[in-house]
Amino acid sequence: MRLEAYVVNVRDAAAEGHRGLLRPLLQRHQARGCPLAVFSLPAVQAVIEWKWQAWARRALRAELALYALWLLAFSVFSLLLQREDADAPLSDLLASWTGVATVAASFWSAAASLPFVYMEACTARAYGLRGWFSLINALDATSYALQGLITLLHFRRVAVGSPWFNTLVAAQTIGLWFKLQFYGRAFDPTRGVSMDTVHKVVMELRWFLLFVALTLLGFGFSFYALYRNDREIVAFSSLPK
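Per-chain numbering applies: the sequence of each chain, read as written, is numbered from 1 onward. Local features in a predicted model are, by the rule used here, given only for residues with pLDDT of at least 70; side-chain atom pairs are given and counted only at 80 or more, and totals for whole chains, interfaces and linings are based on all residues. The basis for the side-chain values is all heavy atoms of the structure; hydrogens and waters are excluded.

### Remarks on the pattern of salt bridges
In plain terms, the rule: Any carboxyl oxygen of Asp or Glu within 4 Å of a side-chain nitrogen of Lys or Arg constitutes a salt bridge here. Strands are runs of DSSP state E lasting at least 2 residues, helices are runs of H or I lasting at least 4, and numbering of each runs from the N terminus. Burial status follows relative accessibility: with a 1.4 Å probe on protein chains alone, a residue under 20% of its type maximum counts as buried, one over 50% as exposed, and anything between as partly exposed.
The final tally for this structure, using the stated rule, is 2 salt bridges. In this structure, the salt-bridge partner of arginine 157 is glutamate 84, at a minimum N-O distance of 3.1 Å. Pair noted here: arginine 157 is in the loop between helix 5 (135-156) and helix 6 (163-179) and glutamate 84 is in the loop between helix 2 (42-80) and helix 3 (90-93), with a separation of 73 residues, a long-range link. Among the residues examined, arginine 157 registers a relative accessible area of 15% and is labelled buried.

### Overview of the packing of helix 4 (residues 97-132) against helix 5
Note the cut-off: Here the axes come from fitting lines to C-alpha atoms, over the contacting stretch only for helices, and the angles between their N-to-C directions go from 0 to 180 degrees. Each helix crossing is assigned a hand: it is left-handed if the near helix lies turned anticlockwise from the far helix by less than a right angle, otherwise right-handed if that turn is clockwise. Residues are treated as being in contact if the distance between any of their heavy atoms lies within 4.5 Å. Any residue outside Ala, Val, Leu, Ile, Met, Phe, Trp, Tyr, Cys, Pro, Asp, Glu, Lys and Arg is labelled polar, Gly included; the first ten of those are nonpolar and the last four are charged.
Closest axis-to-axis distance for the helix 4/helix 5 pair is 9 Å, and the angle between their directions is 150°. Judged by the sense of rotation from one axis to the other, the crossing of helix 4 with helix 5 is left-handed. Across the interface between the two elements, Thr102, Val103, Ser106, Phe107, Ser109, Ala110, Ser113, Phe116, Val117, Glu120 and Trp132 from helix 4 touch Asn137, Asp140, Ala141, Tyr144, Gln147, Thr151, His154 and Phe155 from helix 5. When its residues are assigned to classes, the contact of helix 4 with helix 5 shows 9 nonpolar, 8 polar and 2 charged.

### Let's talk about the packing of aromatic side chains
In plain terms, the rule: Aromatic pairing here means that ring centres of Phe, Tyr or Trp (its six-membered ring) are within 6.5 Å. Orientation follows from the plane angle: under 30 degrees is stacked, over 60 is edge-to-face, and everything else is tilted. Here, over-ring charges are defined by two tests on the NZ atom of lysine or the CZ atom of arginine: distance to the ring centre within 6 Å, and angle to the ring normal within 35 degrees.
The tally for this structure, following the rule as stated, stands at 11 aromatic pairs. With 5.7 Å between their ring centres and 50° between their planes, phenylalanine 74 and phenylalanine 77 make a pair best called tilted. Separated by 3 residues within a single helix, phenylalanine 74 and phenylalanine 77 lie in helix 2, roughly one turn from each other. Comparing phenylalanine 74 with phenylalanine 77 shows no difference in burial state: the two are buried. Ring centres of phenylalanine 107 and tryptophan 108 lie 5.4 Å apart, and the angle between their planes is 75°; on these two criteria the pair is classed as edge-to-face. A relative accessible area of 43% means that phenylalanine 107 is categorised as partly exposed. Aromatic rings pair up to connect Tyr67, Trp70, Phe116, Tyr144, Phe182 and Tyr183 into one cluster. When the ring centre of tyrosine 127 is taken as reference, the NZ or CZ atom of arginine 23 above it lies at 5.6 Å.

### A short note on the packing of helix 1 (residues 22-30) against helix 4
Angle between the axes and distance between the axes: these two values describe a pair of packed helices. Here is the rule we go by: Oblique is the label for every angle not falling under 35 degrees (roughly parallel), over 145 degrees (roughly antiparallel), or within 65 to 115 degrees (roughly perpendicular).
Where helix 1 contacts helix 4, the axes come no closer than 9 Å and their chain directions differ by 15°. Overall, the two elements helix 1 and helix 4 adopt an arrangement that is roughly parallel. Considering only the axes of helix 1 and helix 4, their crossing is left-handed. Where helix 1 abuts helix 4, its residues Arg23, Leu26, Gln27 and Gln30 lie against Ala126, Tyr127, Arg130 and Gly131. Per-class residue counts for the contact of helix 1 with helix 4 are 3 nonpolar, 3 polar and 2 charged.

### Quick look at helix 5
For the record, the criterion: Take the residue count of a helix, subtract one, and multiply by 1.5 Å to get its expected span.
A rise of 1.5 Å per residue sets the reference length of helix 5, with its 22 residues, at 32 Å; its end C-alpha atoms lie 31 Å apart and thus fit the reference within 8%. Immediately downstream of helix 5, the backbone of arginine 157 shows phi near 60°, a positive value.

### A short note on unusual backbone geometry
One non-glycine residue with positive phi stands out, namely arginine 157, at about 60°. Although it is not a glycine, alanine 159 sits at a positive phi angle of roughly 55°. With relative accessibility at 28%, the residue alanine 159 sits in the partly exposed group.

### A short note on the nonpolar core
What counts here: The set of buried Ala, Val, Leu, Ile, Met, Phe, Trp, Tyr and Cys residues whose side-chain atoms join them within 4.5 Å is what this entry labels a nonpolar core.
The biggest cluster of nonpolar side chains holds 23 residues, and the ones touching the most others in it are Trp70, Ile150 and Phe165. Broken down by element, this core gets its largest block of residues, 9 residues, from helix 2. In this structure phenylalanine 165 touches Leu81, Ile150, Leu153, His154, Ala159 and Val160, once residues within four positions along its chain are discounted. Membership of the second largest hydrophobic core comes to 8 residues, among which are Leu22, Val38, Val44 and Val47.

### Focus on the environment of leucine 152
Along the chain, the position of leucine 152 falls in helix 5. As for leucine 152 and alanine 110, which are separated by 42 residues in sequence, their C-alpha atoms are 9.4 Å apart.

Printed below as a string of structure tokens:
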């Protein structure tokens, strides 16, 4: 059996930034200028594999450790939040060990999110806002904003006992646990994760889902009008409900 090898030299293919092969391709792909299939080309795959083995795998695992700290701190905060007096000022809250632990968990969850805010800002600067914007990045930015808002409200003791504050905490909890699936790539980068599947399904069905949402909104208006004389029924007491 004969074996032949072909070597194609691409100057500075693995260089950093715009001098390399990946940054221009990523920018064109995020600007919808080239298909995803470009990254399956042998030359591009070779550069990706080299960068993955050289430093990207270690960097992603370090990012996973930071994310685990953020997730742990916020999970502890959400659990301890159930025990605190929502009407108590911060000084009274710090008088007990559970209050100190809640405040500490709130602080550390906000502090642990800062490296991710910095990385997101660097990505936006490198690719521009148009190239940066995607469903996943928008959800990430929402998570950072929610974290800052929750910590600020908790420290200022504003609306901590309100239903909408609970909604913010619940939404942040779902978002943080859901994004944990992204870091499955740190252990098996070739295998897709459920997060990718959901993203592809949403993108394929986005117009269908939009019209489903509009239909639900129409039913909301109709029920709100239908039960306008029976506002004591909690389910129909307001349009959002």
